[in-house]
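Below are the chains, spelled out letter by letter.
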Amino acid sequence: MKFSSHTGLSQTLQVSLLNTPMQKSSGGITSHLLGGLCCYLRRCIFSVLSVGPLPNHITFIMDGNRRFAKKRNLGEGDGHKAGFSALLSILRYCYELGIKYVSVYAFSIDNFRRKPKEVQSVMDLMREKIEELLQQESIINEYGIRIHFIGNMQLLTEPVRVAAEKAMRVTANNQERVLLICIAYTSTDEIVHAVQESCKDKWNQIQASKEGKVSNGGSKINGLDLHFRDSCRDNATEACSSLHKGVKDAGEKDALLEQNSEKHSDNYSEGEITSCNGIVEITEERKYKQGETASIKLVDIEKHMYMAVAPDPDILIRTSGEDRLSNFLLWQTSACPLYAPKVLWPEIGLRHLVWVVLNFQRHHFYLEKKKKQF
Amino acid sequence: MTFLSCRFAIFCFKVASRRAAPSRSSSKRSSSSLSISWLSSPSRGTSVRKDDAPVSTGITASVPYVSRKGVSPVVECGVPMPAELREELMPKHVAVIMDGNRRWAKMRGLPPSEGHVALVPPLRMVVKLCLCWGIKVLTVFAFSTENLLRPKLEVDFLFSHFERTANSEIEAIMRERIKITVIGDTSKLPKSLQKTITIIEEKTKDNSRLHLIMAINYGGKYDIVQACKSVAKKVQDGIIHLEDINENIVEKELKTNCTELPYPDLLIRTSGELRVSNFLLWQLAYTEFFFHKKLWPDFGKDEFVEALKSFQQRQRRYGFLS
């Protein structure tokens, strides 16, 4: 499989770099030595990169499989198979580098509108590859990867859904790395689901409050409310800044946001906490009375997102040069840099990942510098 | 040793990035035979020079529509569309993140307020081109929910600047039949600005040539949360059932329901930042992004044409077209 149109030496290096240490190299001692050298070089590159900040979560839109197949005059479905091989390589690089979370856009709800034959072949391929991933010698066990399937699983065919559920069950105890496979997913569907669940929660709260369960916490609510009003209402900016200063990176930011929001959201009557990118501000609201709508907050929606199992991505990479999100992680990528290399997904290589991580490290210092200005 | 290796790697990266293409857009820089002084107010009838021959445009002067083979059509406002753009492929809704004003001021040794003053002329230019080239909706990210965390002095200046600009441009806005809508949490804005917004929205509500949506104290997540609250209220009031909540219902509650074209076709962000920064999250599902390295005050007609040309070359598949 050709991955590059560069000179012969760089092409050989590319192929060798993409070869995993576990794969048996064909072609004698020279290939074996070359493969070993490239593996060593790759580890050196990763050691250098590891000195700087590394992203905690990279997400990929694996675009370009069909165009790759067309370009190489391959059969239908072969582009997706090539895409799966590229996925395994990229996963290996990411996990070797030390990136904990990797998510991929495997199949969108919009993709169901493709030709039925193509959809069926992709479903069959997914089931086959999920089962392959669960084999003993696969990358999943090598790196201790926990798999999450993210999306509206009810839209999948039963064999795929069963395979996916099995994969999640079997890898549930793995803790080293996480792989999130977005399948039958669109961001708008995810948001609608989160809205539904939030409304359901609040509806249940209203029903519970009608049965008089809230009244016991009345005086405590007022006390805390006064505390918030006095300390925060006229100094919302300072309150936001002081919270913001305690934040170091995205992961901690999310945790802090959740901690503060969860701590206060059930214990006050006359304030609404809304959050924007980790900053909490207190705003005025009508009094919380029995039977009134319990206010839905940002954290309520966030906790019902399918992607709540992972922190927001630090980098989004979409291959094939298309500069759009195609309804993928719209909520989670609001502050995430977007990269769109022109390479088709099956042709993605180590150099693209290294380039993106270097960009992240350069961008990371700038963002940290900006944060210190507040 | 590893520290030195890291420094060497970063040095190599900087050298390589200086040699890399300056812009992420794939199209070449388009040339324009007309240069428009975007610092001039269109309400005074800008004179545009073409090949040293003055051509009067004057916003109020109507130029007859002439369709000539191989020549761009001249529309009512008198700014011809460049030959490399096609009228039928124009985006209907363009969104803009006007980024880089403070950096522009800092580079010139000016205070941030000067950067905010400098954001108006290119905005005026883009509005004029949208009017001329048939773009129906223009949404601009003027002030985000995160911007509230900036120094109070700067925030106060921004709000007073919005108010002054709105009051001074109202006549031109009415003359050009631009409809203005402000989306965002306006309850946190100064009362005088809220009043100005209400007056402008009321005055321009029947205009239909261009819909200019200003996102002030707006965040994509805020928009979705407030839509969710509205949906919850409807569920509580028995207007809709919980199981009936779908994308259409959520979409109708978003702030962008003020237009029939809530989904931008093209998003332009200046200053080289490659992210959306909590702007129109839901609405950007299938939007084409165009990132340009120039800072917003330096964004001109050429850059706008470059963005439109890049958009017109895109293949939009929506997940299922081949």
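Overview of the structure. (Residues numbered from 1 in each chain as written. Chains lettered and ligands numbered in written order. Predicted model: local features only at pLDDT ≥ 70, side-chain atom pairs only at ≥ 80, totals over all residues. Heavy atoms only, no water.)

1. Regarding the overall build of chain A
Point 1. Scanning chain A for helices and strands turns up 13 helices and eight strands.
Point 2. Counting only residues that meet the buried cut, chain A has 52% of its 374 residues in that class.
Point 3. Summarising the internal contacts of chain A: among those between residues at least 6 apart in sequence, 75% fall at separations of at least 24.
Point 4. Accessible area of chain A: about 17600 Å², with a carbon and sulfur share of 52%. (Helix = DSSP H or I, 4+ residues; strand = E, 2+ residues; numbered from the N terminus. Buried < 20%, exposed > 50% of the residue type's maximum accessible area, 1.4 Å probe, protein only. Contact = heavy atoms within 4.5 Å. Areas by Shrake-Rupley, 256 points an atom, 1.4 Å probe, with all protein chains shown as cover.)

2. What to know about the overall build of chain B
Point 1. Helix and strand counts for chain B stand at nine helices and eight strands.
Point 2. Split into buried and exposed, the 322 residues of chain B put 55% on the buried side.
Point 3. Restricting the contact set of chain B to residue pairs at least 6 apart, pairs at least 24 apart contribute 72%.
Point 4. When the accessible surface of chain B is totalled, it reaches about 15100 Å², and 55% of it is carbon and sulfur.

3. Considerations on the packing of helix α5 (residues 152-175) of chain B against helix α6 (residues 191-204) of chain B
All names here are of chain B.
Point 1. In contact at an axis separation of 10 Å, α5 and α6 are set at 20 degrees when each is read in the N-to-C sense. Between α5 and α6, the interaxial angle falls into the category roughly parallel. As α5 runs across α6, the sense of the crossing is left-handed. Contact residues: Phe159, Phe162, Glu163, Ala166, Asn167, Ile170, Ile173 and Met174 in α5; Ser192, Leu193, Thr196, Ile200, Lys203 and Thr204 in α6.
Point 2. Of the residues belonging to the contact of α5 with α6, the class tally is eight nonpolar, four polar and two charged. (Axes fitted to C-alpha atoms, helices over the stretch in contact; angles between N-to-C directions. Parallel < 35°, antiparallel > 145°, perpendicular 65-115°, else oblique. Left-handed = near helix turned anticlockwise from the far one by under 90°. Nonpolar A, V, L, I, M, F, W, Y, C, P; charged D, E, K, R; others polar.)

4. Overview of empty space enclosed by the protein
All names here are of chain B.
Point 1. Under the counting rule described, the total for this entry stands at six cavities of 30 Å³ or more.
Point 2. Approximately 550 Å³ is the volume attributed to the largest cavity.
Point 3. If you trace the largest cavity, you find 29 residues lining it, with Thr165, Glu169, Ile173, Ile180 and Leu212 closest to the centre.
Point 4. Elements that contribute at least two residues to the lining of the largest cavity include exactly α4 (120-133), α5, β5 (178-183), α6 and β6 (210-218).
Point 5. Tallied by class, residues from the lining of the largest cavity come to 22 nonpolar, two polar and five charged. (1 Å grid on protein atoms, 1.4 Å probe; cavity = no way out; pocket = protein on both sides within 12 Å on 5 of 7 lines; lining within 4 Å. Points joined across faces, edges and corners; volume = space filled by probe spheres on them.)

5. As for the sheet that holds strand β7 (residues 266-269) of chain B
Residue and element names in this part refer to chain B.
Point 1. Ordered by their spatial adjacency, six strands build an open sheet running β5-β6-β4-β3-β7-β8, and the pairing between neighbours is parallel. With partners counted over all chains shown, the strands left at the sheet margins are β5 and β8 (288-291), one partner each. Taking the axes of each pair of neighbouring strands and ignoring which way they run, one obtains an average angle of 20 degrees across the sheet.
Point 2. In terms of strand pairing, strand β3 (residues 93-97) meets strand β4 (residues 137-144) through five bridges, oriented parallel. In the sheet register, alanine 95 faces β4, and the bridge partner there is threonine 139. (Pairing = 2+ DSSP bridges.)

6. Regarding the packing of aromatic side chains
All names here are of chain B.
Point 1. For the structure on display, the rule yields 14 aromatic pairs over all chains.
Point 2. Consider the rings of phenylalanine 141 and phenylalanine 279, whose centres lie 4.2 Å apart with planes at 15 degrees: the pair is stacked. With phenylalanine 141 in strand β4 and phenylalanine 279 in the loop between β7 and β8, the pair connects residues that are 138 residues apart, well separated along the chain.
Point 3. Phenylalanine 141 sits in the buried class, given a relative accessible area of 8%.
Point 4. Note on phenylalanine 279: relative accessible area 0%, which makes it buried.
Point 5. A ring pair is formed by tyrosine 218 and tyrosine 222, whose centres lie 6.4 Å apart and whose planes are at 85 degrees; its orientation type is edge-to-face.
Point 6. Clustering of aromatic rings is evident, with ring pairs tying together Phe141, Tyr218, Tyr222 and Phe279. (Phe/Tyr/Trp six-rings, centres within 6.5 Å; stacked < 30°, edge-to-face > 60°.)

7. Observations concerning a nonpolar patch on the surface
Point 1. Taken together, the side chains of Leu37(A), Tyr40(A) and Leu41(A) present a nonpolar region at the surface, about 310 Å² in accessible area.
Point 2. Locating Tyr40(A) in the fold gives a position in helix α2 (residues 28-51). (Patch = residues over 30% accessible without salt bridge, like charges linked within 9 Å, V, L, I, M, F, W, Y side chains within 5 Å. Salt bridge = Lys/Arg side-chain N within 4 Å of Asp/Glu carboxyl O.)

8. So, the environment of Ala118(B)
All names here are of chain B.
Point 1. With respect to the element layout, alanine 118 can be found in the loop between α3 (112-117) and α4.
Point 2. Taking the relative accessible area as the measure of exposure, alanine 118 reaches 13% and is therefore buried.
Point 3. For the pair alanine 118 and arginine 102, spaced 16 residues apart in the sequence, the C-alpha separation amounts to 9.6 Å.

9. Focus on helix α7 (residues 158-170) of chain A
Residues and elements named next belong to chain A.
Point 1. Compared with an ideal rise of 1.5 Å per residue, which puts 13 residues at 18 Å, α7 spans 18 Å between its outermost C-alpha atoms and is within 8% of the ideal.
Point 2. Every buried residue belonging to α7 is among Val160, Arg161, Ala163, Ala164 and Ala167, and all of these are buried. When α7 is viewed along its axis, its buried side chains cluster within an angular range of 165 degrees and face the same direction. Opposite the buried face of α7, at more than 90 degrees from it, the exposed residues are Glu158, Arg169 and Val170.
Point 3. Close packing links the buried residues of α7 with α5 (116-133), β3 (145-150) and β4 (177-185). (Expected span 1.5 Å × (residues − 1). Arc of directions from axis to C-beta.)

10. Overview of the pattern of salt bridges
Point 1. In this structure the tally under the stated criterion is 38 salt bridges over all chains.
Point 2. In this structure, the salt-bridge partner of Arg66(A) is Glu118(A), at a minimum N-O distance of 3.3 Å. Of this pair, Arg66(A) sits in helix α3 (residues 65-71) while Glu118(A) sits in helix α5, and the two are 52 residues apart along the sequence.
Point 3. You can call Arg66(A) partly exposed: its relative accessible area is 27%.
Point 4. Exposure remark for Glu118(A): the relative accessible area of 12% places this residue in the buried category.
Point 5. A salt bridge links Arg103(B) to Glu273(B); its shortest N-O distance comes to 3.4 Å.

11. Describing the side chain of Gln283(B)
Point 1. By the element assignment, Gln283(B) lies in the loop between β7 and β8.
Point 2. Those residues in contact with Gln283(B) that sit more than four places away from it in its chain are Tyr218(B), Asp223(B), Leu254(B), Thr256(B), Pro262(B), Tyr263(B) and Pro264(B).

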